[in-house]
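Fold and geometry: a report
Okay, here's what each chain looks like letter by letter:
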Amino acid sequence: MGRHGWESDTRRWRLTALLGVGAVALALVVTLLGTLSGGPGTAGTTRDGDKVHGTPANPGAKPEPYVGWGFTHTQYSADEGASAATARVARLLAQNRGLAQNQHIMGWGADNPEPVQGHYDFGALDRRVDFMRASGGTPVITLCCAPDWMKGGRAGAGNTNWSQAALETAPTPDHYQDFADLAATVARRYPDVQHFIVWNEFKGFWNDAGSRWDYEGYTKLYNLVYAALKKVDKDIMVGGPYLVMDSVDPRDQHASGTLKGPWGAMDQRVLDAFSYWNAHKAGADFTVVDGSSYTNDDDLLPDEFAATDKLTAVSRWIRQQTHDLPLWWAEYYVEPGDGSGNRTGWSEPHRVAVQATGMIAMVRGGADSGFYWNPQEKTGTDCAGCLWTPTDSADGGRELPMYDLVSRFAKAFAPGTRYETVSVAPDDRADVRVLASGRTVLVVNTQNRTISAQVDGKRFDMGPYEVKWLAR
């Protein structure tokens, strides 16, 4: 089958949320027409979806509620392409065994897993899981999105509606249990996957009439999925709510009066949704959110580096609300996208420097796991922000600067790292961001010029937007 799915972009999602009701109504009409023409096709599907796939990696000890720093596979990844290129990426990842890798069950590279109730098609997801196993990564699965028949759409192999509005529609309440059953099937199929995220960005849970999130509906879905996964294996790690931690101009009518800073103010409606889930969840082994350093209007306040302080403030607030549950950032963005969601306006050194600053900010707030959303391209030579070059040709699959940052950060600052304060010369404090453990110091030059900095007792020059790693 072809590869399907949409790249996630929080700004585009706001429009999708408003279109959700209309999409469901249209899907119901399509379903009626399909019923009149005969039953849904099941060609290419199987009834034994929960049969263990392949050779699961030995999970070893009981899983921990954190996985460290890694990336999310999106529509195009290294499980397909020229064999020389895909093997090159596999070797690259194998050098960083344990690098966490996240994959959705439908969309972003995976096909419809259950086109007809009780009939499964896990071919694409199998391929992604096989790739994660072969590269030694810690596998994570995000339980999103839902088959069409669970959300008012048309059942049948080959009938999946891959439009963004349809893909990002939530299951209807009468199918919440069906989605939980699908989650359990996925867990039984891949017993070495021990970490699951429930849904993605509250997609389809926007209440247009109330101008707020339908957090009651999401929490019902979450609790059913949580129970289903724990029934499969009580040691499975489950987390949510994967809310987009949107911030706004402090003058906005929805601005929080308490969680704010020079970077803006949190949207109070998001905080209300988080608080409801936190109070009514059946349980959680970790908390997971996503968000950007910029506001809903794409403002970087007061600048792109200082704006990342939002990630610290939000992380601290979440840890306080959940009484220090491990915190994951499923996605984190520091560069505003264009009208199509593309982030290509910065040079790669600039992009890497701000990303490094954002990761430092999340750690300072108490986060210990996070996934870089890999904006991989199918073809071409330029791939802004990608981890490796496209794998369409034999020369592809080569490491890019962002991979160096993510992989080195994951190794140097794994969960459980004891962080230390290091000295920075007073005149240099405005120009650098620093994160240090007992063995490693990460230094970021936030200036688009060469500087001389003194950090941890060492004096050295740094090029414009340079990211430097120091051994202690």
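The following paragraphs examine the structure supplied in this document. (Residues numbered from 1 in each chain as written. Predicted model: local features only at pLDDT ≥ 70, side-chain atom pairs only at ≥ 80, totals over all residues. Heavy atoms only, no water.)

So, the overall build of the chain
The criterion, for reference: Strands here are runs of E lasting at least two residues and helices are runs of H or I lasting at least four, both read from the DSSP assignment and numbered beginning at the N terminus. In this setup the radius of gyration rests on C-alpha atoms only. A globule is expected at 2.2 Å times the number of residues raised to 0.38. Each residue's exposure class comes from its accessible area (1.4 Å probe, protein chains only) as a fraction of the maximum for that residue type: buried when under 20%, exposed when over 50%, partly exposed otherwise. We get accessible surface area from the Shrake-Rupley algorithm with a probe of 1.4 Å; when it comes to residues, only the shown protein chains can shield them. Note that His is not counted, nor are the chain ends; the positive residues are Lys and Arg, and the negative ones are Asp and Glu. Taken as the charge location is NZ of Lys, CZ of Arg, CG of Asp or CD of Glu.
Broken down by element type, the chain carries ten helices and 18 strands. Its C-alpha atoms give the chain a radius of gyration of 22 Å, within 12% of the compact-globule value 23 Å for 472 residues. Projected onto its principal axes, the C-alpha positions of the chain cover 75 × 55 × 40 Å. Counting the 472 residues in the chain, one finds 59% classified as buried. Total accessible area computed for the chain in this model is approximately 18,400 Å², and 49% of it derives from carbon and sulfur atoms. If you average the places of the 46 positive and of the 56 negative side-chain charges in the chain, the two averages end up 5 Å apart.

Points about helix 5 (residues 176-189)
Note the threshold: Each helix should span, by expectation, one fewer than its residue count multiplied by 1.5 Å. Here, residues are in contact when the closest pair of their heavy atoms is within 4.5 Å.
Counted at 1.5 Å a residue, the expected span for helix 5 with its 14 residues is 20 Å, and the 20 Å between its end C-alpha atoms agrees. Most of helix 5 is tucked away, with eleven of its 14 residues classed as buried. Buried residues of helix 5: Tyr176, Asp178, Phe179, Ala180, Leu182, Ala183, Ala184, Thr185, Val186, Ala187 and Arg189, and no others. Looking at the packing, one finds that the buried side of helix 5 touches helix 3 (123-134), strand 3 (139-143), strand 4 (195-198) and helix 6 (215-232).

Structural notes on the state of the cysteines
For clarity, the cut-off: Disulfide: a pair of cysteine sulfur atoms within 2.5 Å of each other.
All chains considered together, the criterion is met by one disulfide. Here Cys383 connects covalently by a disulfide to Cys386, the sulfurs 1.9 Å from one another. Taking the sign of the torsion about the S-S bond as the criterion, the disulfide between Cys383 and Cys386, at about -60°, is left-handed. Each of the two residues, Cys383 as well as Cys386, counts as buried.

Considerations on the sheet that holds strand 9 (residues 255-261)
Here is the rule we go by: We treat two strands as partners when DSSP finds at least two bridges between them. Whenever a helix is involved, its axis is fitted only over the stretch in contact; in every case the axis is a line through C-alpha atoms, and angles between N-to-C directions fall within 0 to 180 degrees.
Strand order in the open sheet formed by three strands is 8-10-9, with antiparallel pairing between adjacent strands. Each having just a single partner strand, strand 8 (247-248) and strand 9 make up the two edges of the open sheet. Looking at chain direction, strand 9 and strand 10 (residues 264-267) are connected through three bridges and run antiparallel. Counted as the bridge partner of Ala255 is Asp267 from strand 10. Strands strand 9 and strand 10 of the sheet are contacted by helix 7 (residues 268-280), whose axis makes an angle of about 45° with strand 10.

Notes on the pattern of salt bridges
Put simply, the rule is: Here, a salt bridge means any Lys or Arg side-chain nitrogen found within 4 Å of an Asp or Glu carboxyl oxygen.
Under the definition given, this model contains 25 salt bridges. One salt bridge connects Lys203 with Glu201, and the closest N-O pair in it is separated by 2.7 Å. Taking the shortest distance from any N to any O, the salt bridge between Asp285 and Lys230 comes out at 2.9 Å. With Asp285 in the loop between helix 7 and strand 11 (286-292) and Lys230 in helix 6, the pair connects residues that are 55 residues apart, well separated along the chain. Neither Asp285 nor Lys230 differs from the other in exposure class; each is buried. In the salt-bridge network here, residues are joined through shared partners; they are Asp79, Glu80, Arg127 and Arg128.

Topic: the environment of Val434
Structurally, the position occupied by Val434 is in strand 14 (residues 432-436). Note on Val434: relative accessible area 12%, which makes it buried. Not counting the four nearest positions on each side in its chain, Val434 is found in contact with Ile360, Arg364, Val422, Val424, Val441, Leu442, Val443 and Val455.

A word on the sheet that holds strand 3
Within a beta sheet, neighbouring strands are joined by backbone hydrogen bonds and run either parallel or antiparallel to one another. The eight strands are arranged 1-2-3-4-7-11-12-13 in a closed barrel whose pairing can be described as parallel. The sheet shows a mean angle of 25° between the axes of neighbouring strands, taken without regard to direction. Across four bridges, strand 1 (residues 69-72) lies against strand 13 (residues 369-373) in parallel orientation. Opposite Phe71, over in strand 13, you have Tyr372 as the bridge partner. In the packing of helix 8 (residues 309-321) onto the sheet, contacts are made with strand 11 and strand 12 (327-333), and the angle to strand 12 comes to roughly 155°.

Some points on the pairing of strand 13
The following threshold applies: Crossovers are marked right-handed if the path from the first strand over the helix to the second runs clockwise, as seen with the strands pointing away from the viewer.
Within strand 13, five of the five residues are buried, which leaves it mostly tucked inside the rest of the structure. Residue alternation in strand 13 divides its side chains into two sets, Ser369, Phe371 and Trp373 and Gly370 and Tyr372, and both sets are buried. Of the strand pairs in this sheet, strand 12 and strand 13 are connected by two bridges, and their pairing is parallel. Paired with Trp328 across the two strands is Ser369, which belongs to strand 13. Taken together, strand 12, helix 9 (residues 348-364) and strand 13 form a β-α-β motif whose crossover is right-handed.

Examining the packing of aromatic side chains
As a reminder, the rule being used: Stacked, tilted and edge-to-face are the three classes assigned to paired rings of Phe, Tyr and Trp, where Trp is represented by its six-membered ring and a pair needs centres within 6.5 Å; plane angles under 30 degrees give stacked, over 60 edge-to-face, the rest tilted. Whether a charge sits over a ring comes down to the Lys NZ or Arg CZ being within 6 Å of the ring centre and within 35 degrees of the ring normal.
What the rule picks out here adds up to 26 aromatic pairs. Between Trp69 and Phe409, the ring centres sit 5.4 Å apart and the planes meet at 80°, which makes this aromatic pair edge-to-face. Separated by 340 residues along the polypeptide, Trp69 in strand 1 and Phe409 in helix 10 (residues 401-412) bring together distant segments of the chain. In this pair, the class of Trp69 matches that of Phe409, namely buried. Positioned above the aromatic ring of Trp277, the side-chain terminus of Lys281 is 5.2 Å from the ring centre.

Side note on the pairing of strand 12
Of all seven residues making up strand 12, seven are buried, and the element is well covered by its neighbours. Handedness of the crossover joining strand 11 and strand 12 through helix 8: right-handed.

Examining helix 8
Between its first and last C-alpha atoms helix 8 spans 19 Å; for 13 residues at 1.5 Å apiece the expected length is 18 Å, and the two agree. Within helix 8 the residues assigned to the buried category are Lys310, Leu311, Thr312, Val314, Ser315, Trp317, Ile318 and Arg319. Looking one or two residues beyond helix 8, the residue adopting positive phi is His323, at roughly 55°.

Some points on the nonpolar core
Threshold: We call a set of buried residues a nonpolar core when its members are Ala, Val, Leu, Ile, Met, Phe, Trp, Tyr or Cys and they connect through side-chain atoms within 4.5 Å of each other.
If you look at the biggest cluster of nonpolar residues, it comprises 118 residues, and the most contacted ones within it are Trp199, Met245, Trp329 and Phe409. Looking at this core, the element that brings in the most residues is helix 9, giving nine residues. When residues no more than four places from it in sequence are discounted, the contact partners of Phe409 are Trp69, Met359, Ile360, Val363, Leu435, Leu442 and Trp469. Of all hydrophobic cores here, the second largest spans 13 residues; its members include Val422, Phe460, Met462 and Leu470.

So far we have only geometry, and geometry alone does not tell us how the molecule works.
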